Every structure is written in C-alpha cells, then in structure tokens.
2 protein chains.
Amino acid sequence: MKRYLDTIRIDDAVSRVLDYVAMIEEEECIPSHKSIGRITTRAVYAHKSSPPFMCSAMDGYAVSFEITLDADINRPVTISKEHAFYVNTGDPLPPGTNAVIMIEDVEESGSSITIRHPVHLWQHVRMIGEDIIETDMLIPKNHKIRPYDMGVIISSGIQEVFVRRRPRMLIIPTGKELIDIFEPDYDKSKEQKLIDFNSYTLQRLGEDIGFEVEKFKILCDKNELKDIINNLVDKFDVIIINAGTSSGTEDFTVEVIRDLGHVVFHGVSMMPGKPTLFGVIKGKPVFGIPGYPVSAVLSFRTFFTPIYEKMCGIRIFDETIHVRLPYKIPSKIGTEEIIRVSILEKNSINYAVPLPRGASIFSSMVKADGLIKVPENIEGYDEDETVECTLLVEKGRLRNRINLIGSHDLILDVIRDMIKTRYNRLDFISTHTGSLSGIIAFKKGIVDLCTTHILDEEKRIYNIPIIKRHLEGIPCVLIHLVKRTQGIIVKKGNPKKINSIEDLARRDVRFINRQFGSGTRILFDMILRDRGIKKTEINGYDREESSHTAVGIMVKESVADAGIGIYSAAKIFNLDFIPIAQEDYDLLVAGDFYNTDRFNLIVDIINSDEFKKRIQEMGGYDTEETGGIKYRA
Amino acid sequence: MKRYLDTIRIDDAVSRVLDYVAMIEEEECIPSHKSIGRITTRAVYAHKSSPPFMCSAMDGYAVSFEITLDADINRPVTISKEHAFYVNTGDPLPPGTNAVIMIEDVEESGSSITIRHPVHLWQHVRMIGEDIIETDMLIPKNHKIRPYDMGVIISSGIQEVFVRRRPRMLIIPTGKELIDIFEPDYDKSKEQKLIDFNSYTLQRLGEDIGFEVEKFKILCDKNELKDIINNLVDKFDVIIINAGTSSGTEDFTVEVIRDLGHVVFHGVSMMPGKPTLFGVIKGKPVFGIPGYPVSAVLSFRTFFTPIYEKMCGIRIFDETIHVRLPYKIPSKIGTEEIIRVSILEKNSINYAVPLPRGASIFSSMVKADGLIKVPENIEGYDEDETVECTLLVEKGRLRNRINLIGSHDLILDVIRDMIKTRYNRLDFISTHTGSLSGIIAFKKGIVDLCTTHILDEEKRIYNIPIIKRHLEGIPCVLIHLVKRTQGIIVKKGNPKKINSIEDLARRDVRFINRQFGSGTRILFDMILRDRGIKKTEINGYDREESSHTAVGIMVKESVADAGIGIYSAAKIFNLDFIPIAQEDYDLLVAGDFYNTDRFNLIVDIINSDEFKKRIQEMGGYDTEETGGIKYRA
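Everything numeric in this text was worked out from a predicted model, so none of it was measured.

Attention now goes to the overall build of chain A. When helices and strands are tallied, chain A shows 17 helices and 38 strands. In terms of overall dimensions, chain A is more spread out than a globule: its C-alpha atoms have a radius of gyration of 34 Å, far above the 26 Å expected for 633 residues. Its C-alpha atoms give chain A principal-axis dimensions of about 110 × 70 × 50 Å. The buried share of chain A, taken over its 633 residues, is 61%. Charged side chains of chain A number 82 positive and 92 negative; the gap between the two group centres comes to 6 Å.

Pasting the structure below:
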C-alpha cells in the first residue's frame, strides 16, 4: 500500500486541470428579463434607440419653437390648440413640433394657450437616442448580466439574449461511514454514522459560483460508483467524488478514475486539501475531493473558481485586504498552507488572528473572516508582517463589530444574542484564547475587550495584580462581570464518588484538564499546590481542552471521569458538580473604547434585568456586583 | 398646480420612512439544507457534537493503547484481532479501544497484527466534539446564512432552522406612455410608446437585496390603481408605484396615496431622485418612485437597503474605496447629488471620472463603476480631492482593465470584443471624450491609452504636432491605428442634394455638429475656414452631438439633414455619405504601458488579420499602415 502521495504544486495542479477544461460553446436564447447572472456569448447591440423617438421631458404643450419667439412677460403670445398639443412626460412629440412648454408656464383657456416666455429649439424634449443609439454595443460578450445591464438591454427593445449554457456539476458523496439527515428514512437513533454535510456545502458553493449542481445520494460501493459515473459522465461538465481520495483500503476513488479513464495527479502540496485527486473520464474532468470538510471546501475553492472562469469566459474577483499579523505564523516549507483567520479591526488596522488549523474543524470556516496563504517556499510569517488576505465576509462588517478576546464563558453567547437583538447594525465577536493570552492580545492593542479570571497566588486577588503587572502604562478599565462557581464536573450520579480535589489523584479517576494560560488552569494549579498534590499524581493532567463545555462533553461521554470547570457547563449537560471556589470573571476595557457609544451598549446590556435574569437561569453565577468598576489605569 | 416640491434632506427622509417600517416577526421553519440567504430569527445551537463520537482519523486498527506500549522496532508486538479492530477513517472506535494504528504501520496476518511502534492514548482518533460541542451556539440570531453556516448547521444534526419570512414588495408600473415588451400581445410596430424597463430593474434589485418581489402589469388609470392597492396592501410589506410622482396633470400617485392613506413626504433633496414620494396606506409604507430610470434606481438604493435592514434585522455592507478626482465636480448647494463615475486604475491610484449626470441616461448605470455622493452643504469637489466611492463592480475588476480615453470610433468596440474573446481575464474600457479631452486626461497620467485624430492647421499633420505641444516631457508612443474617411452624412438618397461643404450653409439644410474638442469638430472648423464659410452661416452649428453614431441617428431620424462624421457611422444606419477627407486615427500609448504584456495583447489584436478584416467590412477604413510607430517621446 502506498504510504505517501506524490504531491504537485497548486499552480501546476490548477494549470493541469485547466488543460482538460474547455469553454462551453453551447448558447441558449433566453428572455432578457430572466437573464440576471447569465453570461453573454455574443455582444449585445441595441435594437432601438432609447428614447426611440423625440419625446416630451415634461408635462406641458408641444409647439414649434418658432411661434414662441415673440413672447415676453409684458406681451404674451396666444397659441391656438391647433398648433399646441398637450403632452405628458414621455409622450412622443406630435409632428411639426420641436419644443415643449412646461405646464407651469402656460395660461390655459378652452381652445388656446397663452405664454409669456419664448422657448428654444428642443426645449424640454428628450432627444431620440439620448440614452442609447440603436446599434450601440450595450454589453460585450463574456459578460455576467447584472440588473442594470438587464435594464439597458430591455430599454433598447431586446426581448431575448444569447447566453452560455450553465456548466453542470455532479457531486457524489461516498463512504459507508456517512449518513444523509435529509433522507426520508433517516433515523437519529440509528447506528453511529457521520453526517454528510460536505456534499450539501459543495453544492451551494458551486451554485454560488454559477454551476448547475446535481447532488447524488451517498454511494458505498465501488462498482455502483463506476456504473453511475459511466452512465452520467456525458450529462455533466465536471464530476466531484467526495471522498475516498487518500490511500486507505476503502479509498477507491482513484481506482474508479483509473478504471474508467486516467489519473492526472493525486496529491497537491496544499494544506488543508493535500489528498486532492484529479483525472479524466471520457474527456470530462473528474475530481476526488478530500473528505475532511475544511480540506473539501478549500480544495473546491482552489480549483472550481478557475474551472468556472475557463468554462464560462469570465473572471471572478475575490475581495482582498491587507492584514497585519499580531502573532508569528509558522508553516512547513514545501506546502502552501491556507490559514483561516479572524480579523480584528482596531484603529483602522486589520489584525488577523489564526483560527485552529485542523482539517476537521469546519466550525472555523464559519468563524473565519478571511483566508491567508502561506506560500510553499517560506517557513511561515513573522509577527507584525502585513500580508494579503482573501475576505470571506464583507469588509464593512469588520468595522461594525465589538471584538473581545480572552476567557470563555457561556454568558458571552448571551451578550452576543442580546446585541444582535437590540442593535442589528453591530456584531459582537468573542475569541476564546484563555485569560492570559487574552491579556497579551489586549496589550498588543488589537481588541476592545478582554475577559479574564486570573487569581494572584500571593495576594489571592482576582485580575487586578496581573493587569498591573502586564499592562503597565496602558489605559484600561476593569469592570466586574460576574462571580461564578468553579468546581469539579463529574458524571450524573457521581459514580466514582469524587468529592474533593484529593480524589482527582486516585488511580481510578481519569481527569481532563484545561489549556495552559486559562484562568481555570491557573486556579487548578494553585489549588494543587495549596493541597500539596503533585501534577504527576493526576491521571490526565496533560490532556487539555480549551473550553468549559469541551470539558463537560468529555465527562458526559465518559472520556474522562472528572474535569474542572464552571457550574453552567455541568448544568447544560446535566452533569453533577462539586463546588470548589468562587471567582471573579471580569471584563477589561481598552481606555479608548471605554467612553464610546459602543461600549455604552455593552454597559446597558450587562446592567439590564434581562441579562441578569438570563444568566441566573444558567446557574452558578452571582450578579450582585455586576457592572462595578474594579480598577482603572 | 404646485410648481416645486418641498424637499427634505435624504437622512431625514430615510429616518421618517423607517418610522413606518417594522421588523418582520413571522418566522418560518425550513429545511436547513435550503436555508442559504435566509436570516435566522433564533440563535442556532448544536443538536449533536461533531464528530458525535470518538472516531478513527485514519484507516487502520483500533486498539487500547496500553497493549502497544512494549512495541519496539526490534521487538515487535503481535496483537490478536480479538483486540485490534479494522476501522476506516470516520468509523466509530469499537468499545474498549482508545487509539488507532495507521494501516501503513501494521504487518497483517490472518488473525493478528504485528506492530513495531507503540501508540499513545487517542492517537489518530478524532475526539468527540473536536469541531462542535452539542449546545454550542453555532449561528447567532439575525444572521444571513452562507454555505459554510449551512454546512455547520447540518453537521450538528439540525434538519430545520427558524428563519424570518422574506419581506414582500409589490411594484406597480404606471403610465399611459409605457409598454411592456414581454407581454404576449406586444407588437413592435404599435403606436409610439416608451419601453417599461424600470419595473424589471427594480424587481431584480429588490430580489438582490432579499425581497420577495411581485411585479404588477402596467396600470394607466387612477381608480384602477386605487382598487389594486386597496386589495393588495394587506399581502405586502411595502409597495412601489412607478412613477407619476412629480407634479404634472397625470402624476396621480400622490392623490392615490392621499386618498387611501396619508403622504409623509413628497420630494427629497437628492439628485437624481428628487420627486420621490412616500406615504402610508393601512400602516404599510408606499413609495412613489420617480419615472426617470436613473432617478428610479438611485431612489430605490437610497431607501430600500435601510428598509430591508430594519425589516430583517441585518446589516448590508456596500464595498467602498477611496478615489481621486482628476476633474473638478461642481454641484448645487442644498441638494445631495449622486454622481456616477468610471474608475480608472493607474499606478495603484483609482481615478474617478464623472459620467453623464442626466436622470434619463440609464446606460451610464451600466458604465458606472461606482457612485460618489456630493453632500448638500458643499458646492462640489475640487480637482485632485480624494473622496469615498461606493463600488458597483468588484474592486479586482478595476485592476484588470486596459483603459482608453479619447476619440470615439466603432473599431474600439471591435477591439473590446476581441479582447473579451481572447483574454477573458481582462477587459478593455473606452471612454469617449473626444480627442482633445483625451490628450488632457492622458497628460494627467490617468490612462494607458488615448485615441486621437487632430489635424494641425499649419503643418497639416495629424496628431504629432498637438502631442509635441501638449505632452512635452511625457514619455509616450504614437501608433497608427487606421486611416478613415470623414465626410458628410446625409439621408438615404440624399433628398436635399447636399454635395459639398458649401451646401451646408444653405438655409434649407439643418446641420448637426460634433462637440468642441473632438477631432471631427476641429477638422470641420478648419475646412470652414479654408473655404471661407462663417460658422453663423451653418444652420445648426451650435447643436452638438458627442459621437459619430449620435450624428448618424439624428440624420436618420430627420432631426438634421446633414452631419459630419466617418463612413462607418453612415453605413451602419444605411445613410448616404459624401467623402471630404481622409484622416489618421491614431493610438497614443503611455510610456510605462508600452512595454507591458497587456499592451502586447493590443498589438497582437491590431496586427491580426481578423481585426483588419472586421474593420474593412465596416467600411471607410484603410489598414495599410496599421500598427506602425509614428512618433516616440
């Protein structure tokens, strides 16, 4: 069995794919009022001028201007209605007329009008062809029709336009491990399967680009897959098989392509997305797109935009911006890495903070504001470098956010929900790095807000000592958010009878820890020292999770017997909880953000009865002193 | 009759409209795989973790890691298949296992496997909740669902989501002067009517924002309009009547709103778009949108983005950039003016060149790359000011263009068509200002290319003398494009028997001239001087058109008896032509553009047989010396 794929460079891969992609030559003649988003195959020339005749630009009387020339404020001219014709805006000029007198400038009587000012030739007349002249090239070929384009096409009397047939894509999800939750016979309680969401996501991404996409049902059998492709390949312009593209025993996609056609490459030096497979069957490009969801969408983005461009004769432009990197981004030489980033806008600088890089962490595609590419020939980027970033959200959205970094708590979701309810023009983005990393980011000046709960070992005071130590000379205000109860999270019914920190050192207890730098880890380490328990005595001390809920789920699913965390994380999973300490979970506010309208919105929320009620319902919180100023520098 | 509208400021108008707009409270429960573009009414929390169980991250054997600990390269460990279970990527871990050995690291025999390396706890295992933890807030409320959002929602087992009902818009085109070219009984030859394209354009713009839009047939009768609105107002969230909003006799929209409800404002201090009318009928917002097409779309943009935002609880972001103004833009105090601009990107600076401002020139919405607002409290912008511009095209598109300014000729359409055929990654944009304005723009350094045909009166040489005079010290190359025949364009059959320039001075001949600064005007003035004909002798000397085809259509439509222009413009309209002179129509190339790949594409085209053949078919061109270098500085 082959162990590693021979990868080729992304650029080479794209250009080898494009060798097998042809422009679609078939055109369709469609009604022009239904042509938005379609691509012209011929330049569109105006059938008619617009306006198609001399017409009135005003409501009034059409006349020959010569007969008005003697009119004067003191010597009005009266014109018989045999020579002055009432017209509305848009009406064609009657024969023999060449000017319009505004209705406001006319004194009317039964059979004549009187005027006190002369008019000049073509006054208040829209000239024929003023907007469009018949034979004008309105729209070039290979142009995607927008609403304004469509308007102009209709305005010049064109009922039908020639457009390129849409390219057709077939997506076939494969794998015995998959289940489709939209199948009518889907049963939640059934055997353990992974939900297929790749095929739905790729379908919508393909439709967004402009493909006509058909999604097949999940196939598990190699021969069935071969038959289906054999039968359908003529109907489609490109086929995607997802997945089965690496080199395991059930990764039969490469064999299918080899049996029916030939493989062009297998493996691309990109990350995520390396096991991308490409071949040709009966002249049609066929992809094996990897199964890990982030690999799947990034591989798709890499290849299918250029494919569409070549098939359709147009260019698609991604929006890009320059971002500054507040942290070093290491990356492997020899692989082009695509890094998902959050973008924090602060004082008109966009800071890009890397999100988890795992190919299976699809939720990071939702959190990502942009993608950064690290070329294969460098070992990553240094701190403070400025690099190009492809945006996944509108640029304006970055400016209309309140950014928080720091310690995780479920109450941050409540704040976001209340902001999205009350002020739909703003969003609230919280990035969970733990307290210490949050304070370091805060020091770099990249965020407005930071949540922290770090106990000083000597002084036994929360947050203030560490802020004084790390943020000397940096203007900031510390606001008390909540007191919350930390404790040991154990299974419902506490089967292992864990009642104290000491019990965590028992050989039969598997513990799950929090990550280094989190306030909870700092608290836990301090308690261990206080009680004289060695880290090595704790079975699972090295196993880290990065949020309270992650600890909760590990206990719930029996991966661990106990973890340390907040009460609300135990309650949400219906777990038992042994209280250990009450701590201050506080909000650190940047000095330049403190007096802004946006911060006042946050203050309004955390002081509201609704907020206090919602978090009290979550359990384990004390809001007695919420909103109080604890420290100011 | 009221003569002027009492206008209110745009900001005031928008906020008064929003007073009558409510957020849509009705929600719909829809399948999550069909939720793209819809807006959440509730935060979406994960039903299931993803992955929902511990599963293999590789193809291989699942084992308990403890039994592998003694394995060594020299002392392999053999494990019975009762304790090692084959798993594919994505398969759940069998009970009692907690690590996966990659298939590549296994020596298999019938009933056992042999390994030479130990594995650690959870090696090659995707942990439950690695991506998403059940109860995680996946998507906040008031969020527009993108493909990645949908993917995450499906991945956590959610089959249905709650979204806001789409806001419903009714558009009613009105006016006796209008005709719908998509009506089955439309007859091209019918009486002279204006084509209704506003209602189609507004419909598609509304759909682009996110409205569900119904377009009614054209109504001409006030009472019918009243009945329709009365019957339908309950079904829609907002109604647009187009047009009848100014103060003419047939502008009954205001009366209809007043009869059925009340008018909130009539007239907004914006240009175009001033006669915008707004009222309320049975609690529903009702607009009278002006009839001039540019007024209609700009009024629509101004009001309907904020309306949608308020109805749906989201924010829409336009892409904006900063542009430099190479020309002064005067504007009236007291009116906020929206200026359509072309954007010319040169050396990373985006120059905004104003397009025609007329409210009826809808083709400029197709040409426009962006919109600039001139606030009501200033008299316009000065030359070289940098201002904000809302983009109507993707920013990347601006960088992938070859920009030409200068004299108009039909062969520029041929060049564009050939570029769009051969190189779909590029576009070719030509702005027609006439030769002299083109050279002045060229001097400002805002374009790559300029077309010109200016004859020097003394030297009787084309282009070179004027370039030497105006462009001293500016590196440039002058390339010969074509020789073309200028002459008098007259009606088919030449009914007025016009055979010479002298005939243009006859009293019975109505002439149509070209604009000041155009090469054709310069040539014409020179011929008049040569022949001793005074400008005042020419009937119509002051009537200007700005292109050869505009002159052609005026002659064809009998607005004038004669004009001066090129042969191809006569031929395209099947008009007669009296040759007067042959001239050099040349291409001036910026020094820094001359040696670029992009310019080489242009050279390839103008030297191609296809190009020469196509323009020879148009008639009146001589390509003998096409492509030759005439001058270099």
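Throughout the structure, instances matching the rule amount to 98 salt bridges over all chains. The shortest N-O distance in the salt bridge between Lys-496 of chain A and Asp-561 of chain A comes to 3.1 Å. Taken together, the positions of Lys-496 of chain A in the loop between strand 32 (476-490) and strand 33 (511-514) and Asp-561 of chain A in the loop between helix 13 (548-556) and strand 35 (562-566) put the pair 65 residues apart, joining distant regions of the chain. With a relative accessible area of 29%, Lys-496 of chain A lands in the partly exposed category. By relative accessible area, which is 9% here, Asp-561 of chain A ends up buried. Linking Arg-422 of chain B and Glu-610 of chain B is a salt bridge whose minimum nitrogen-to-oxygen distance equals 3.7 Å. With a gap of 188 residues between them, Arg-422 of chain B in helix 9 (residues 411-422) and Glu-610 of chain B in helix 17 (residues 609-618) connect regions that are remote in the sequence. In this structure Arg-422 of chain B comes out as partly exposed when scored by relative accessible area, which is 35%. Look at Glu-610 of chain B and you get partly exposed, because its relative accessible area is 38%. Linked by salt bridges that have partners in common, Arg-9, Asp-11, Asp-12 and Glu-376 of chain A make up one network.

Attention now moves to the environment of Ile-281 of chain B. Relative to the helices and strands, Ile-281 of chain B resides in strand 20 (residues 277-281). The spatial distance from the C-alpha of Ile-281 of chain B to the C-alpha of Met-554 of chain B is 46 Å, given a sequence separation of 273 residues.

Working definition: the strands of a sheet are paired by backbone hydrogen bonds and lie parallel or antiparallel to each other. Residue and element names in this part refer to chain B. The 3 strands lie next to each other as 5-9-8, forming an open sheet whose pairing is antiparallel. Either end of the sheet is taken by a strand with one partner, and the two such strands are strand 5 (77-80) and strand 8 (106-108). Taken over all neighbouring pairs, the strand axes of this sheet differ in orientation by 30° on average, direction set aside.

The next point concerns the interface of chain B and chain A. Taken together, the contact between chain B and chain A spans 121 residues of the former and 121 residues of the latter. A combined buried area of about 10,700 Å² lies between chain B and chain A, and 58% of that area is made up of carbon and sulfur atoms. Among the residues chain B hides against chain A, the three largest losses belong to Tyr-148, Arg-315 and Phe-317 of chain B. Together they make up 7% of the total. Linking Glu-134 of chain A and Lys-556 of chain B is a salt bridge whose minimum nitrogen-to-oxygen distance equals 2.9 Å. At the junction of chain B with chain A, the criterion picks out 28 residue pairs in polar contact (both at pLDDT 80 or more). The greatest single-element share of the side of chain B that touches chain A, amounting to 8 residues, is contributed by helix 2 (residues 147-155) of chain B. Among the residues making up the side of chain B that touches chain A, the classes are represented as 53 nonpolar, 28 polar and 40 charged.

Applying the stated rule across the entire model yields 36 aromatic pairs over all chains. Taking 5.3 Å as the distance between ring centres and 35° as the angle between the ring planes, the aromatic pair formed by Tyr-594 of chain A and Phe-599 of chain A counts as tilted. Arranged with centres 6.0 Å apart and planes meeting at 70°, the rings of Phe-211 of chain B and Phe-304 of chain B form a pair that is edge-to-face. With a gap of 93 residues between them, Phe-211 of chain B in the loop between helix 3 (198-209) and strand 16 (212-215) and Phe-304 of chain B in helix 6 (residues 293-312) connect regions that are remote in the sequence.

It is worth spelling out the environment of Ile-538 of chain A at this point. All names here are of chain A. In this structure, Ile-538 sits in the loop between helix 12 (519-531) and strand 34 (544-545). Separated by 28 residues in the primary sequence, Ile-538 and Arg-510 have C-alpha atoms spaced 7.9 Å apart. Other than its neighbours up to four places away in sequence, Ile-538 contacts Leu-504, Ala-505, Phe-511, Phe-524, Leu-528 and Ile-533.

Residues and elements named next belong to chain B. Most of strand 20 sits out of view: 5 of its 5 residues are buried. Going residue by residue along strand 20, you find Leu-277, Gly-279 and Ile-281 tucked away on one face and Phe-278 and Val-280 tucked away on the opposite face as well. For strand 18 (residues 262-266) and strand 20, the ladder comprises 4 bridges, and the chain directions are antiparallel. Bridge pairing links His-266 to Leu-277 in strand 20. Inspection of the sheet shows strand 20 paired to strand 21 (residues 284-289) by 5 bridges, in the antiparallel sense. What sits directly across from Gly-279, in strand 21, is Val-286.

All names here are of chain A. The contact between helix 1 (residues 10-18) and helix 6 (residues 293-312) brings their axes to 10 Å, and the two run at 35°. The interaxial crossing formed by helix 1 with helix 6 has right-handed handedness. Across the interface between the two elements, Ile-10, Ala-13, Val-14, Val-17 and Leu-18 from helix 1 touch Thr-302, Phe-303, Pro-306, Ile-307 and Lys-310 from helix 6. When its residues are assigned to classes, the contact of helix 1 with helix 6 shows 8 nonpolar, 1 polar and 1 charged.

A few words on the packing of helix 3 of chain B against helix 6 of chain B. Residue and element names in this part refer to chain B. The interhelical angle for the contact between helix 3 and helix 6, taken along N-to-C directions, is 25°, at an axis separation of 10 Å. Regarding the angle of helix 3 to helix 6, the classification is roughly parallel. Every pair of crossing elements has a handedness; the one defined by helix 3 and helix 6 is right-handed. Every residue of helix 6 that contacts helix 3 at Asn-198, Thr-201, Leu-202, Leu-205, Gly-206 and Ile-209 is listed here: Pro-293, Ala-296, Val-297, Phe-300, Phe-304, Thr-305 and Tyr-308. Taken together, the residues of the contact of helix 3 with helix 6 break down into 9 nonpolar, 4 polar and no charged.

Residues and elements named next belong to chain B. Taking 1.5 Å per residue as the helical rise, helix 6 with its 20 residues ought to reach 28 Å, and the 27 Å between its terminal C-alpha atoms agrees with that figure. Along its length, helix 6 shows its largest kink, about 30°, at Arg-301. The buried fraction of helix 6 amounts to 18 of the 20 residues, a majority that puts the element mostly inside the structure. Within two residues after helix 6, Gly-313 carries a phi angle of roughly 75°, on the positive side.

Our focus in this paragraph is the relation of the copies chain B and chain A. Both copies of the chain are related by a screw-like operation: a rotation about an axis and a shift along it. Between the two copies, chain B and chain A, the superposition gives an RMSD of 0.1 Å; the rotation angle is 180° and the shift along the axis is 0.0 Å. Both copies of the chain, as the preceding transformation shows, are related through a two-fold rotation axis. Taking the C-alpha atom as reference, chain B places Glu-319 of chain B closest to the rotation axis, 4.6 Å from it. Taken together, the interface assignments show that 100% of the residues at the interface of chain B recur at the interface of chain A, consistent with an identical surface on both copies.

Let's shift gears to the pairing of strand 22 (residues 320-324) of chain B. All names here are of chain B. Covered by surrounding structure in strand 22 are Ile-321 and Val-323 only, the residues Thr-320, His-322 and Arg-324 on the alternate face being uncovered. The pairing of strand 22 with strand 28 (residues 386-391) spans 5 bridges and is antiparallel. Looking at strand 28, one finds that His-322 is bridged to Glu-388.

Residues and elements named next belong to chain A. Along the chain, Ser-608 falls in the loop between helix 16 (597-606) and helix 17 (609-618). The exposure class of Ser-608 is buried, given its relative accessible area of 11%. Polar contacts involving the side chain of Ser-608 include one to the main-chain amide nitrogen of Phe-611, which spans 3.1 Å. Once you skip the residues sitting within four places of it in the chain, Ser-608 turns out to touch Met-418 and Arg-422.

Residue and element names in this part refer to chain B. Of note, the bond from Asn-242 into Ala-243 is cis; its omega dihedral lies within 30 degrees of zero at 10°. Along the chain, the position of Ala-243 falls in the loop between strand 17 (238-242) and helix 5 (253-260). The omega torsion of the bond from Met-271 to Pro-272 falls at -10°, within 30 degrees of zero and hence cis. Tracing the backbone through its elements, the reader meets Pro-272 in the loop between strand 19 (270-271) and strand 20.

Another point: the side chain of Arg-204 of chain B. By the element assignment, Arg-204 of chain B lies in helix 3. Here His-33 of chain A takes part through its backbone oxygen, which lies 2.4 Å from a polar atom of the side chain of Arg-204 of chain B. When residues no more than four places from it in sequence are discounted, the contact partners of Arg-204 of chain B are His-33, Lys-34, Ile-36, Pro-147 and Met-150 of chain A.

Time to look at helix 5 of chain B. Residues and elements named next belong to chain B. Among the residues making up helix 5, those that are buried are Thr-253, Val-254, Val-256, Ile-257 and Leu-260. Angularly, the buried residues of helix 5 cover 160° about the axis, an arc narrow enough to put them on a single face. Structurally, helix 5 contributes buried residues whose contacts are with helix 4 (222-232), strand 17, strand 18, strand 20 and strand 21.

Cut-offs and rules
Residues numbered from 1 in each chain as written. Chains lettered and ligands numbered in written order. Predicted model: local features only at pLDDT ≥ 70, side-chain atom pairs only at ≥ 80, totals over all residues. Heavy atoms only, no water. Helix = DSSP H or I, 4+ residues; strand = E, 2+ residues; numbered from the N terminus. Rg over C-alpha atoms; globule rule 2.2 N^0.38 Å. Buried < 20%, exposed > 50% of the residue type's maximum accessible area, 1.4 Å probe, protein only. Lys, Arg positive; Asp, Glu negative; His and termini not counted. Charge placed at Lys NZ, Arg CZ, Asp CG, Glu CD. Salt bridge = Lys/Arg side-chain N within 4 Å of Asp/Glu carboxyl O. Pairing = 2+ DSSP bridges. Axes fitted to C-alpha atoms, helices over the stretch in contact; angles between N-to-C directions. Contact = heavy atoms within 4.5 Å. Buried area = accessible area lost by both parts, 1.4 Å probe. Polar contact = N/O pair within 3.5 Å; in protein donor to acceptor, adjacent residues only side chain to side chain. Nonpolar A, V, L, I, M, F, W, Y, C, P; charged D, E, K, R; others polar. Phe/Tyr/Trp six-rings, centres within 6.5 Å; stacked < 30°, edge-to-face > 60°. Left-handed = near helix turned anticlockwise from the far one by under 90°. Parallel < 35°, antiparallel > 145°, perpendicular 65-115°, else oblique. Expected span 1.5 Å × (residues − 1). Bend = angle between axes of the 7 residues up to and from the residue. Least-squares fit on C-alpha atoms with pLDDT ≥ 70 in both. Arc of directions from axis to C-beta.

Coordinates in, geometry out; function isn't part of it.
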